Each structure stands twice: as C-alpha cells, then as structure tokens.
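If you want the building blocks of each chain, they are given just below.
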Amino acid sequence: MPKILNRFLIAVLIATLAASNLLGAASAASTSPAQAAETIRSALVQAQLSLTNDARGSADLVQDAETMYQTALSTGISTSNSEAHLRIVSAFKALKESIVESDAVSFAAARAQIWTGILAGSTTIVEDAIQSGDGLTAQTWLPVREFRTATRFSRPNVGATVAVENFITGKTSTDATLLSVRADLLDTYQARLTESLRDLTVADGNGFSTRRAELAALAEGYLFILSPAYLEQRGIEALSQTQAAFADLRISATDDPQLLAEKLMIVEKALNNFRAAPLSPAEQSRRAGQLVRFLSLVAVEYGRGVVDGRVTRDIEIQEAITFYTGAYAAFSDLKDLLDARDHQQTVQADALFVSLGNQLSETGTGKSVARPEAIQSQTDELAALLKILIPEDWLSNSAQGDFDVIASMLDQMLVAARSGEYDLAESSRLDAYAIMETGPEAKLIVFAPELKLRLEELFWNGQGEHKGLAYLIKNRAAYSEIKATRIQLDTSLTEAQAVLGKNTAPLAIAMNAGIIVFREGLEAVVILASLMSSLKSAEERRYRKPMWLGVLLALLASALTWLLAHGILQSLARYGEKLEAVVSIIAIAVLLLIMNWFFHNTYWTSWLANFHSQKRRLLSKETGLWLGLIMLGFTSVYREGFEIVLFLQALVLEGGVGVVVLGVLVSFAAVVLVGMIVFRLQKSLPYMKILVITGVFIGSVLLQMVGSTAHVLQVVGWLPIHVVKGLDLPYWLGTWFGIYPTWEGLGLQFASAVFVVGSYYLAEGLRKQRIFSARPQMPHTLAEPLKVPHPKTESIEITT
Amino acid sequence: MVYEKKFAIATLIFVLLASVASACAPAAEQSSTAGENASTTDLDGIKTYLLGKSSELTTSSKSLKAASDKYYEMAKTANFDYAALRASNALEVSAALTAAKSAWIVASPLYEQMEGIVAGTPNLAEYDVILDAGASGAEDPENAVPFDLTLPDGRILPKPGNLFGVLESTLWGTYADYTSGIEADLDGNGSIDFGENLPDANVLKAGADALDQYTTELGSAASAWQPTESDAFTALVVMVPTMSEYFNSWKNSRFILGDASEQRDFVVISRLLDIQNILGSLQIVYGEVKPLVESADSAQAAQIEQSLADLKRFVADVHAKEQNGYQHTPEEADVLGAEAQNRATAIAGQVAQIAAKLNISVEE
C-alpha cells in the first residue's frame, strides 16, 4: 500500500510540477515581449540592489528573470539573432556566478549585457518582420526598445511606431518602413551609447565601481546593436578593431580602472564621424536651414544689445546666444557629413563657431564686451565658409528649418513680454514674421491661402477669438493673452508645416510661382490695357508712352529689389506689409485721378487750370498729366512687386531658378494674353462702349485695390478693424476680389464706388451746365429735342 | 470680325474662369494635428484636481506672506539691526519665522502635487519656471526666471531664481546673501542647529509677496485653462522624464552628502517626496486619458498605468528607507537615479508612441 501511495504522491507531484510549468509557460506566452523584457530588466535591477544583503533573494530574482526570458523571448531572439541569444545566455550564467561570489561589479556588467542583448534581438526581429511583410510581428516586438533619454525639452522619437502603423495599413513600402525604423532605433542606440560613455567618465571620476562596470558593458552592448551599420560603413576590419576596443574598455572598467581614460580615447576615436542612422535628406535640409537662419540672426540681436562697448539690453545678448546655440547645434548634427565633404573647411568652421561662442559667452557673463562689428565680421566669415561647404540641395526644402527659427523667435517674444519689455517683444515678433514672409508664406499663398490669412491675423491685428500678436503687444496686453495667441499660432504653424511638406515637387513650385505672378499681374494689366486701348486718337495715343514708362520703371525697380542681397531683403521683410500699404495708397490715389481725367477731360483740365492759375507755374498741365500716368504705370506694377520678389526668392531657394522662371514665364504669357484680349476687344468697339467697358474694368480693379489695401492697412494696424458679425465670407473673395468682412473694408469699397460714380455725374452735370450757359439763346419748340453735345462724340448735332 | 470678337471673348472668359478656379482651389488638407482631435475625452478631473491644489497653495502662500510681513515689521522697527532684534524680540521673531517655515513646508509639497500638470502644460508652464524650476540668471541665463525681485528697501535682485528656492534659502540661511548673518536659537533648545538664523527681512518679504502674487495668478490661469488631450499627453511626456533632474538634486543634497552638500535648495524636504508628489499628479492625468489610450492599445494602457505605479512605489521605497534613517551612499543614489530615469524614459516613450498612434500632438 505504501508503495502505491508513494507512487501516487510522486505522480501527483510530477503532475503538479508539470501543470505549474505549463501554467507558467502559458502565462509567459500571454505576456507581451515588452512586458516580459521589462519584468526581466526590473527583476535584475532589484537583484543587484539586494545582492549584498539578500543573496538568496537575488538568486530567486535572477532565476525568475531567466525563466521569463526562456519562455517569452528566447524563441524569437534565438531564431533572429543567435549571437544576441548566446550573449544573453552566457550573461545569465555570469550573473549566477557573481551572486555566489557576492560580486556586485560583475553582476552589473552581466546585467547590462543581458539587457542590450534583448534590445539587439528585438531590433533584428522587427527588421526581419518588416522585410518579410509581417507588420504585426514588428508591431508586437517594437516596444522592446529604449528611447533617447528624454528631458523637459526633447521628446521621444515616434518615427518607428508611426512607420510600422503605416506599414500595416499599406500606406508605406517595405523599404521606406525599414528606413524609418532604422533611423529611429539606430539614432536612439547611438545616443544611448554616447550617454553611456559620458556617464562612464563621470562614474569613474566619482569612483563608482559598480556603475563603471555597468556603463562600460552597456556601451559595448549598444555597439553590438549598431555593429551591422558600423560594418556597412567602415568594413569588417574596422568593426573588429572597434569591438576589441570596447571589450578592452569593459575589462578595464572592472579590472584596471587606471587605464580607463586611455581606453576611452581609443573608443571615441573609433566612433569619430560614425553616424549609425544617417540624417535623411529632409533632416539634412532642416538642419541646414536652421544653421543658416540662426547664424544670420546672431549679429543682428547682438548689435541691438551693445552700444558704445556696453551691454544696454541684456535680453538681446541672450537672444544672440540662443540663436548661436541653435546654429551650433545644427552644425554639430551635420558636422560628420560636412567633414566627409571637406575636412579642412569643416575644422575651420568649427573653430570659428567656438571662437564666436566664447566671445558671446564673455559678453553674456560680463567678462568682456565684443564690438558688434567684430561679431558681425565673424558671422559673415562663418556664413561665407558655410555657403561653400553646405551643398545647395540641403538649403532647398528648408522650410522646416524656417519654422524652427520662427518658433525660437516667438519664444524670445514671450520671454520679452513676460519681462514687460514690449518693444523687444515686438521686435522679436517682427523678426519671426519676416522669416515667415521670406520663407514659407510664398507657398502658402497658393496652396493654403486660408491658412496664410489665418497666420497673418494671428501675427498682426486679428480680432477673432485670439487677438493678433501685434495688437496685443501694442496694447501691452497681459502675458497670458499673448501666450494664448502664441499657442493658437503654433497650431496654425504646425498645419502650415504639414502643407509645405507635401508640396515640394518642381511642378508645384512652378505652379506656385506662376499663380502668384498671374494674380498680381492681372490687376495691373487690366488697368493699363483698358486705358491704353481707349486712347484711340493720334493725340491720345501719345499718353500711352508715360504709362509704358511707368511700367518699365516698376519692372526695373522689381529687378533691383531682386538683386538686393537676401540679407537685406530679410531685414526689409519686416516692413514688407507697410511698404505694400504705402504703395497701395499711392496707387489708389493715382488711379482715382486718372479715372477722372479719362472720363472727364474738362474736369481734369479745369482742375489743372485752377491749379496753374497761381502765380508760380509749378507744372505745365501736360507735365502733370504725364507724371500722373507714369505714376499709374509704376504703382500698378510695383504695388505688389516687393512682396512678389520676396516670395519668388523663397521659391528659388526651394526649387531652383529654372523652375521658378518657368512658372513666371508661363504666367507672364497668360497676363500678356489677357492684356491683348482686353486691348483687341476694346479696339473694335464704338467709343462709348469703350468708355463703359473701360470704366467697368477699372472700376472693378479699383474696388479690389481699395478692399485689399484696407485689409493691409488693418493688418499693420493703421486702420481699425470692426468685423461684420455674422458675415462669413470665403477666403477667396478676399484673395481675389479684396472683399473682407470688416466694416472699414466694405465701407471704403462702397465709398470709392460712390465717389467714382458720383464724380462722373457731377462732372457731367458741370459740363452740361457750362455748355448750356455758353450756348446762344435761340427759340425752340417743346416738341423738338435739344441734344447736348458730348466732347468725345464723333459728330455734334444741334437741332432746333 | 464677329468671329474674332467672339473668340476673344471666349478666350478671356476661359482665362478668367481658370483664374477663379485656381483661387478656389481647396485649401490644403489639414495636417494631422491636435486640431483634428478636439478634446472628446472628459478631462475635467484634471482641472478639478488642479484647482483644488491651487486653492490650498494660495492659502498657504498667504500664510507665508503674513508671517513674513510680521517679521519684516519687527525688523523695520529695529531699524534692521538684527542683533538688536534677536536680543529684544526673540520670542516674537521665533514665532514669526517658525510660522513662515511651517507655511513653506506646507506650500512646497502642495505645489509639487500640481507641478506635473503645471510644468507639463504649455499654457501654465511659465509658472513652474517662476515658482519652482527656474534658475538664477547668474547660474543659467538661458533658463533663468523672467522676473527681478525688487526689495522694499529699493534693492533689486536680478533674476534671483525660482521663488520656492529663494524662500527656502532665505528661511534656512543656506545662501549668505539672503541672510542677516545673525544666528539665533529659534527653537530654544540651547543650540544653533541647521537653519537657525535670522533672514534678511527685505528678501523674505519680497519673496513672500512675489510667491503670493504668482500663486494667485496661477490660480486664475488654472481657472481659465481648458485641458485638452494634447495638454494631458504633453504633461506626461514632459514631466515623467524629469526624474533625472530631481534625482540629481537629491544626489547632491544634504540627504546624501550631508554637510558637504553645497546645494542651497532642497535642504528641508527630500526631493524623493517631491518626486512622489509629482508622479501622483501625473497619475491623475493618466487616469483621465486612460480610456483613450485603451482605445488604441489596451495592453499598453495597462502597462503604462502599472509602470507609473511601479515607479512611484520604487521612489517611495527609497524614501521610506531614508526616512527610517538609512543614508544612501552616493553610488547607491547614482544607481537608483539611473534606474528611476530609465523607467521614466520608458514610460514617456510609451506615452509618446500612443500619442502618435492617436494623432495627438505633444507640444515642443
């Protein structure tokens, strides 16, 4: 009986053990790889912490961790990355030995080896899964990863997660997904490698033996993850040497710390210029854009903060330092690539950056104050060197860099506003808008005009739910209000980035350029063609010449504007809107006068006659007329000329001269065609019809100009804004017809229409009165009409 | 001629129509940003929590102000002769300073209990710089507080650092510039212990007044704030990784280095308690968005919640050991700090991935 009982008990025991193993396996199997990995990691940390006072507890924790690895992770890792699996297995063995010997240092090193082995295994599984089209497996294993050490100011990468999501839904290809995943993971592990080496130096300096061992092992483990990329870039021999160097480092960290510094130098030399995840073209462009923009602002801000060798505005110096830091950070990210292009120039540029940084730092801490001219000279020298060093195609598609700079300037604006320095806040705001205008706005005008409008309102004097920044700063609004608008602006800027990211093809840029020029040119050509075509007689045709002269002068002015150095345009761009406003007002005034001249020759000439009845003859009436027509020709074309040049410059930077010229030529041809059609149409019409049609054309353009000008005046704050409540107009009415839902804009358009029509009837009335009073008194019968002659009719009949 | 005219008119109409068509081209499709995901999650719990803590904070800062004002008046009466003040008004001075310190000890953790939300929310983050996180202009110009402190006697302290830090170093005498140089046995135990000195009354008053002002402003800002999903995720991603900063503060504090510590802040309350308080507020935030996270990945949602709880427990365990008299060695503190940072980075990473899946923007 006892035998049977014994056997029964043994059977029950075996069954129980088997069941618990099965349960354990099932439990582990239901645990995701990420959960399993985290369980292993935290168990091993706890084991290390309790090693010295609870060896048994440590051993249990290590056993649990090993079981978890065997049941949840080893199958996948051993299949995809056998070397990683072997490293993990041998490290678990080392852990057990170190527990027996109470060797916390060796334990720390082995723990690091296990963790990096798991990371390496996971990385390989994810890549293999993507290559075989298995998005779900990639998604399951991707969370077994690390991230760059996050701070308040940096965010974890999400590129790999998004790429795999898109891969699963079929939005991206295998190659593109693999590229994104590698870019994210390799960048992360290279950053972690760098951190490990840095922390290793600190730990060594503090004499922390356990941390030293852990960090050296971690560094070696991260290199193991990066080794395929290292092999691809440097070759097998270099990889072997580097792996040996890291192994030496690890051994030195535990056995021979005196040699650590020397081993570190060898390792760092091996890593020099190695970038596991090369910057994508988009990232290269982004950093190049940041580098150029930030650097260009250093001397500008510095110059505003130093007068007569003294710091007068500390905040400006801080802004200069911030922009310098941004530029140098971007340069550092590109340094390896630039070094591969030209080592000597890259070293020279680095030295110039360091020198500039030292000077700024000394001014910032008050040690010594460099002259603004010296800073300008250094930045100019550096900019010139970078212009040679940086490939042109990096500077195209640099809209992302522009947004980074805009964000930085808006940060400065907030800092200034917070300190109550509203003039500085306004200066920063203008700087940010200038970048916007000379950069992204050119494309937004075409691809997202509604967004452009929204940004304009938020930057300037919008009166919506969030008032514009210019308005708030001018009225010294509370910081919270300014911050709220900034946040809203950030949302819109994010949208703008997304738009611009999608429209970078050469055709899109050509179309962009063409539409800008066509839209702005249409209005000018309608005015001019209408007027010119209606000047039919030989005597009148000569008045076409001053208009052509005005047009020519405007084109020359536009060309001159184009030729100005980009830096000058940059600083002038702050005033772009105001310049447009001023020129627009002149254009409207001239157009009104010319319209009156055209329709009411007697009105114009009598006005001039009155003017010239004064003793001093300032102008002959002919000269005055010519000047007016020249101004009409000039302002019609140049009214938008300055801003068009800014926009086209931005497009050239992005798409190249050829693409932009193509777009401009096509639109120019279209504009000329419209002009010719208007001219031919009117030429064949009877004179009165010409008058009517010309009047309608010019009147329409006048209304558009008045509406657009009112809008610009409101943007820059020279005209108040009172929104017509409840009137929601589509954005294109504003863009194309100058119709915006404000009382001022609509009112001025109405008033200008009344003025033009009213002045016509007034002038007609005056003319008829003069003719009537000049006519000799003759009897007539009521039955017979009295026809009043019109000065421009072909024949004059007087019947009695 | 008629044909030509008609052709010309037709061409003109075509060109004009093409122009209008290009003008009416649909605005570019909206980018996938927070705008698309207007807050559909009920986040009122976050605001309710924040307003509650803000109200308590305002109360304690007013207590601090009242005690500081009392001390200032006494010092002013003594013509700022602190030795004479100590001699003539020992009991009243002791009472005022004890009250001020007590108020500070209440206020500081209260703020830490809301810091996770305040510092992590773009609309409110400026107050964190002013109250708790900002450096002095001398130490770190780029991350300095945006204000100067004007003292009642006309002196100006340019960008002196965050207000809790200024008040802590003033009340406990860890920064010579803010003290009178006169020590005093404030608790009457017959010996001059750590922190027993007479603060510079002008600095104390100015600091307390500023604290009262900004905590009141914070309350108003919090009332006006409408939490969004972006705010919530940003707070989680931004604040969880600050473990590194706080553990560094702890490693360099008196709690690890004792008298060898040169840190003038974090001398009264262990940073470990601050970390727990911050994590507590982040758990509140996460609780509100958890349903949303579950909709994207239920396993991840559970893991993040567990990770937050584990991290808080990890820190609590270390703090408990410290409270029980155990003094961690600098190397132990380093190991613990690294572990906390690793856990925090992992949590922040997981939250950031979920935010990306849900198309919710995390503010830069």
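Being a predicted model, the structure only gives us computed values, none of them experimental. (Residues numbered from 1 in each chain as written. Chains lettered and ligands numbered in written order. Predicted model: local features only at pLDDT ≥ 70, side-chain atom pairs only at ≥ 80, totals over all residues. Heavy atoms only, no water.)

Q: How would you sum up the packing of aromatic side chains? Please name residues and give values.
A: Going through the model one piece at a time under the given rule, you end up with 18 aromatic pairs over all chains. Their ring planes at 75° and their centres at 6.2 Å tell us that W104 of chain B and F164 of chain B sit as a pair that is edge-to-face. Residue W104 of chain B is found in helix α4 (residues 90-120), and its partner F164 of chain B is found in helix α6 (residues 163-171); the two are separated by 60 residues along the sequence. The pair formed by W104 of chain B and F164 of chain B is uniform in burial state, with each residue classed as buried. Following the ring pairs from residue to residue traces out a cluster consisting of Y324, Y328, F331 and F353 of chain A. Geometry around W460 of chain A places R429 of chain A over its ring, the cationic atom sitting 4.4 Å from the centre. (Phe/Tyr/Trp six-rings, centres within 6.5 Å; stacked < 30°, edge-to-face > 60°. Helix = DSSP H or I, 4+ residues; strand = E, 2+ residues; numbered from the N terminus. Buried < 20%, exposed > 50% of the residue type's maximum accessible area, 1.4 Å probe, protein only. Lys NZ or Arg CZ within 6 Å of the ring centre and 35° of its normal.)

Q: I'd love a proper account of the confidence of the model for chain A, names of residues and values included.
A: Residues and elements named next belong to chain A. Within chain A, residue pLDDT values average 81, and 83% of them lie at 70 or more. Predicted confidence for residues 611-619 stays below pLDDT 50, and this span has six contacts to residues more than four positions away or in other chains. The low-confidence segment residues 780-800, where pLDDT is below 50, has 19 contacts with residues more than four positions distant or belonging to other chains. (pLDDT = per-residue confidence, 0-100. Contact = heavy atoms within 4.5 Å.)

Q: Describe the nonpolar core, with residues and values.
A: Grouped together as the largest cluster of nonpolar side chains are 99 residues, with contacts concentrated most on L64, Y71, L131, L149, L163 and F233 of chain B. Among the elements that make up this core, the one with the highest residue count is α4 of chain B (13 residues). Beyond its immediate chain neighbours, meaning those up to four positions away, Y71 of chain B contacts Y82, L85, V93, A96, L97, L198, P199, A201 and L204 of chain B. Listed in part, the 80 residues of the second largest apolar core include A112, V164, F167 and L223 of chain A. (Core = buried A, V, L, I, M, F, W, Y, C linked by side-chain atoms within 4.5 Å.)

Q: Give me the lowdown on the packing of helix α7 (residues 159-168) of chain A against helix α8 (residues 174-206) of chain A, citing residues and values where you can.
A: All names here are of chain A. Closest axis-to-axis distance for the α7/α8 pair is 8 Å, and the angle between their directions is 160°. Judged by the angle between their axes, α7 and α8 are roughly antiparallel. Considering how the two elements wind past one another, α7 and α8 form a crossing that is left-handed. From α7, G159, A160, A163, V164 and F167 reach across to α8, where they touch T174, T177, S180, V181 and D184. Class assignment of the residues belonging to the contact of α7 with α8 gives a composition of five nonpolar, four polar and one charged. (Axes fitted to C-alpha atoms, helices over the stretch in contact; angles between N-to-C directions. Parallel < 35°, antiparallel > 145°, perpendicular 65-115°, else oblique. Left-handed = near helix turned anticlockwise from the far one by under 90°. Nonpolar A, V, L, I, M, F, W, Y, C, P; charged D, E, K, R; others polar.)

Q: Can you break down the side chain of E66 of chain A residue by residue, with the values?
A: Mapped onto the elements, E66 of chain A comes out in helix α3 (residues 55-80). When sequence neighbours within four positions are dropped, the list of residues in contact with E66 of chain A reads F92 and K96 of chain A.

Q: So what's going on with the pattern of salt bridges? Which residues, and what values?
A: All names here are of chain A. Throughout the structure, instances matching the rule amount to 43 salt bridges over all chains. With a closest N to O distance of 3.9 Å, R192 and E195 form a salt bridge. Placement of the pair is R192 and E195 together in helix α8, with a separation of three residues, close to one helical turn. A salt bridge links K335 to D350, with the nearest nitrogen and oxygen atoms 3.0 Å apart. With K335 in helix α13 (residues 314-341) and D350 in helix α14 (residues 343-365), the pair connects residues that are 15 residues apart, well separated along the chain. (Salt bridge = Lys/Arg side-chain N within 4 Å of Asp/Glu carboxyl O.)

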